Amino acid sequence: MRRSNIGLIQLVFTLLLTAAAVPAQPNSPMSSDIAFTVAMSKPYTHLLEVEIRVKIPANLQAPNESDLLMPVWTPGSYLVREFARHVQDFAADSDGRALDWTKVDKNTWRVKTNGARQWRATYRVYANELTVRTSELNSDHALWNNAALLIYPAGHLNAPSTLRVVPQSGWKIATGLPEAKGQPNTFRAENFDILYDSPVEVSNFRQLDFQVRGVPHRIVIDGEGNYDSVRLRNEVLRIVEAETAMFGGIPYHDYTFILHLRSNTGGGLEHLNSTALGFRRFGFANEDGYRRFDALVAHEFFHLWNVKRIRPDALGPFDYTKENYTRLLWVAEGITEYYGQLMVRRAGLISDQVYLDHLAKQIQDFQETPGRQVMSAEEASFDSWIKFYRPDENSVNSQISYYDKGELLGLMLDLIIRVRTNNTKSLDDVMRYLFREFFQKGHNYTPTDFQKACELMAGASLDNFFSDYVRGRKDLAMALNLMLAGAGLQVEQAGIGIGFDDDGDRRVSLKGFLGADLEDKPDGSFIVIKSVRAGSPAYEQGLNAKDKIIALDGARVDKDTFEALIAAKRPGDTVRIMVFRFDDMRTFDIRLAGAIDAPYRIGPLAHTNEQQKRIYQAWLAK
Ligand SMILES: [Zn+2]
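Please read all numbers here as calculations on a predicted model, not as lab measurements. (Residues numbered from 1 in each chain as written. Predicted model: local features only at pLDDT ≥ 70, side-chain atom pairs only at ≥ 80, totals over all residues. Heavy atoms only, no water.)

The next point concerns the overall build of the protein chain. Summing up its helical and strand segments, the protein chain has 15 helices and 31 strands in all. Scaling as 2.2 N^0.38, a compact globule of 622 residues should have a C-alpha radius of gyration of about 25 Å, and the protein chain matches this with 27 Å. Projected onto its principal axes, the C-alpha coordinates of the protein chain cover approximately 90 × 65 × 45 Å. A buried classification covers 55% of the 622 residues belonging to the protein chain. Per element, the accessible surface of the protein chain, about 26,600 Å² overall, is 47% carbon and sulfur. Of the side chains in the protein chain, 73 bear a positive and 78 a negative charge, and the two mean positions are spaced by 3 Å. (Helix = DSSP H or I, 4+ residues; strand = E, 2+ residues; numbered from the N terminus. Rg over C-alpha atoms; globule rule 2.2 N^0.38 Å. Buried < 20%, exposed > 50% of the residue type's maximum accessible area, 1.4 Å probe, protein only. Areas by Shrake-Rupley, 256 points an atom, 1.4 Å probe, with all protein chains shown as cover. Lys, Arg positive; Asp, Glu negative; His and termini not counted. Charge placed at Lys NZ, Arg CZ, Asp CG, Glu CD.)

Structural data, given as structure tokens:
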């Protein structure tokens, strides 16, 4: 694309707007048709320039006023982010005559269109935050999330639209939206859910291409890093092959991975035929770095089925003006995380043991979170909007992550179904069933539908399971171990299966346990207590989050030394901890408890039968 000096006022595009009562007819040229143009003439200002022109077809009455709305959130990230706060310089006109407008609430602009058959609105959006759910424009590139950039005409979320991009000279455009024929740098979307689902990267990006089952895939990379491009492309390809093999097909025409490599970025956001990913630019230094990258890719890619097509009750079509509540994020995110990790193994990119070590760590982290006794998987899902994305020092005591518990519930359901059916069915069958019976028949699924699908595959009621572990907060440990035994495995700590009482004969090495999570202040002045785990000696004997530790037993120490000295103590030993709390110094003599001095591990049972071996093989190496 040539360099453009076209100012906002000169940008031309057309928006055909039908009356709200007329249903959209996406393939008819007479139907509503909305077009956007996004320009970036001054990247150093971080301002993306947006224009919208409305033309009312002759057969429709032109309204006297029209509302334009900015979404408050973006699907896939369940937090109200108030994207309207970045909008400035809003204006509207008809044939060059300014139209009056007013804000009627935080994200709605009401334009006095006075029956005009053609009118337009322009505005700019400050874009200086690189995450997968926000937007960034600077001298190096532009990435935007359409839900954070483009306003929609009230009542017209079903209307098709086009999006024209005016890039900086030398920059290319990557998006999952299909091109509009005969219109350069212009893309089309059949409705606003599709438009908002499609992030756009504009830069001099690197592109890696591959095909799976004849379908084109591309990895678009912005930023430098220490990755091996041949290896990276091959591993993404293997993940795509493993996941499409599970579902038995590819439900899109092409797929775009948009990858940003930075020193301090991470995460991903799923879309119908694309994903935006962030990863640490030097995160490919070792095998564990590639495993983490592969698991991120596998998670976001799995979402193209689970959440983008297999949709929970409230998640699509979306209401962009407020929270959309569902109790199913433990499925949409947690089971996606289960498969995201498992698929790295099934694609042959890591060994069985590396996967089992990951699972053991997940189980231990969850079991050491006091919030698991306070919040269920369904509650965590429902309250995502006010809790998961807004953690504080008490979160560890009052919350769980629906990603973490959902991954463990996915594991448990997979193994229950395999054991009950002699390995003829699995959680894979549940996912395929939901795709076939809900997505392909045009329905979203409810919590009851999900439970029924699992029961159908298991051939038995799972009501106790869902009551105890999904809707309830019962401890998972013993059930997890019984289910892992179905694959000939057990999770143990210091040789004792978790969830089972020690018989008392075994001598287990214990370390001193305080129960405070710490961080060094960047300036090295203090250790700060980040959180205090409920029920621990630190919690019960008076330490607080945000206390600044001055000394342990009279000596100044850093975080690593503090933790090593505590661990070397015996249960029952007393330590003297001096802290600043706000402006005053306090001294605490704290009697330590004990913790087993060994990590969780998953290993084989001493004796396994043929069914256990078959389940193990099918589960990890399908
Ligand atoms: Zn996800």
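The discussion continues.
For the zinc ion, every protein donor is listed as His299 (NE2), His303 (NE2) and Glu333 (OE), and the spread of their distances is 1.9 to 2.0 Å. Site description for the zinc ion: donor spacing in sequence, H-x3-H-x29-E. Here the residue histidine 303 occupies a position in the loop between helix H3 (287–302) and helix H4 (329–346), and glutamate 333 occupies one in helix H4, the gap between them amounting to 30 residues. Each member of the pair histidine 303 and glutamate 333 is classed as buried. (Donors = N, O, S within 2.8 Å, 3.2 Å for Na, K, Ca; no water.)

Before going further, it helps to spend a moment on the packing of aromatic side chains. Remark: the centre distance and the inter-plane angle together describe each pair of aromatic rings, the angle taken between the planes. The tally for this structure, following the rule as stated, stands at 46 aromatic pairs. Between tryptophan 73 and tryptophan 385, the aromatic rings sit 5.0 Å apart at their centres with planes inclined by 75°, giving edge-to-face as the arrangement. One end of the pair, tryptophan 73, is in the loop between strand E4 (65–69) and strand E5 (87–94); the other, tryptophan 385, is in the loop between helix H6 (377–382) and helix H7 (395–398), with 312 residues separating them in the sequence. Tryptophan 385 sits in the buried class, given a relative accessible area of 4%. Centroid distance tyrosine 252 to phenylalanine 301: 6.3 Å. Interplanar angle 85°. Geometry classified as edge-to-face. Of this pair, tyrosine 252 sits in the loop between helix H2 (229–247) and strand E19 (255–262) while phenylalanine 301 is found in helix H3, placing the two residues 49 residues apart along the sequence. (Phe/Tyr/Trp six-rings, centres within 6.5 Å; stacked < 30°, edge-to-face > 60°.)

Right, let's get into the side chain of glutamate 270. Inspection of the secondary structure puts glutamate 270 in strand E20 (residues 267–270). In this structure, glutamate 270 is buried with no salt-bridge partner, the nearest side chain bearing the opposite charge being lysine 308 at 6.0 Å. Apart from residues no more than four positions distant in its own chain, glutamate 270 is found in contact with Gly76, Tyr78, Asp197, Thr275, Glu300, His303, Val307, Lys308 and Glu333. (Salt bridge = Lys/Arg side-chain N within 4 Å of Asp/Glu carboxyl O. Contact = heavy atoms within 4.5 Å.)

Taken as a whole, this structure holds 33 salt bridges when the rule is applied. The salt bridge partner of aspartate 365 is lysine 361, with a shortest N-O separation of 2.8 Å. Of the two residues, aspartate 365 and lysine 361 both sit in helix H5 (residues 352–367), 4 residues apart, roughly one turn of that helix. Note that aspartate 463 is salt-bridged to arginine 471, the shortest N-O span being 3.2 Å. On the basis of relative accessible area, arginine 471 is assigned to the partly exposed category, the value being 36%. By sharing partners, the salt bridges in this structure join Glu65, Asp67, Arg110 and Lys112 into a single network.

Another point: the pairing of strand E25 (residues 516–520). Where E25 meets strand E26 (residues 527–532), 5 bridges bridge the pair, whose relative direction is antiparallel. By the bridge assignment for E26, aspartate 520 is matched with isoleucine 527. Between the antiparallel neighbours E25 and E26 lie 6 residues, among them glycine 524 with a positive phi of about 75°. (Pairing = 2+ DSSP bridges.)

We now examine the sheet that holds E4. Pairing within the open sheet is antiparallel, and its 4 strands lie in the order E7-E8-E4-E12. Unpaired on one side and paired on the other, strand E7 (101–105) and strand E12 (152–153) mark the two borders of the sheet. As judged from the 5 bridges shared by E4 and strand E8 (residues 108–112), these two strands associate in the antiparallel manner. Each residue of the ladder has a partner; that of leucine 68, found in E8, is tryptophan 109.

With that settled, consider the nonpolar core. Trp330, Phe450, Phe465 and Trp619 are the most contacted members of the largest nonpolar core, which has 159 residues in total. For phenylalanine 450, the residues in contact, after removing those within four places along its chain, are Leu328, Trp330, Val331, Ile335, Leu413, Val430, Leu434, Tyr445 and Phe466. Residues Leu514, Ala516, Val579 and Phe588 belong to the second largest nonpolar core, which totals 19 residues. (Core = buried A, V, L, I, M, F, W, Y, C linked by side-chain atoms within 4.5 Å.)

With that settled, consider the side chain of histidine 271. Tracing the backbone through its elements, the reader meets histidine 271 in the loop between E20 and strand E21 (274–280). Once residues within four sequence positions are removed from consideration, histidine 271 is found in contact with Asp197, Ser198, Pro199, Ala276, Leu304 and Lys308.

Right, let's get into the environment of phenylalanine 439. Tracing the backbone through its elements, the reader meets phenylalanine 439 in helix H9 (residues 427–439). Here the alpha-carbon distance between phenylalanine 439 and glycine 278, two residues 161 residues apart in the chain, equals 29 Å. Non-local contacts of phenylalanine 439, meaning those with residues more than four positions away in its chain, are made with Arg309, Ile310 and Leu434.

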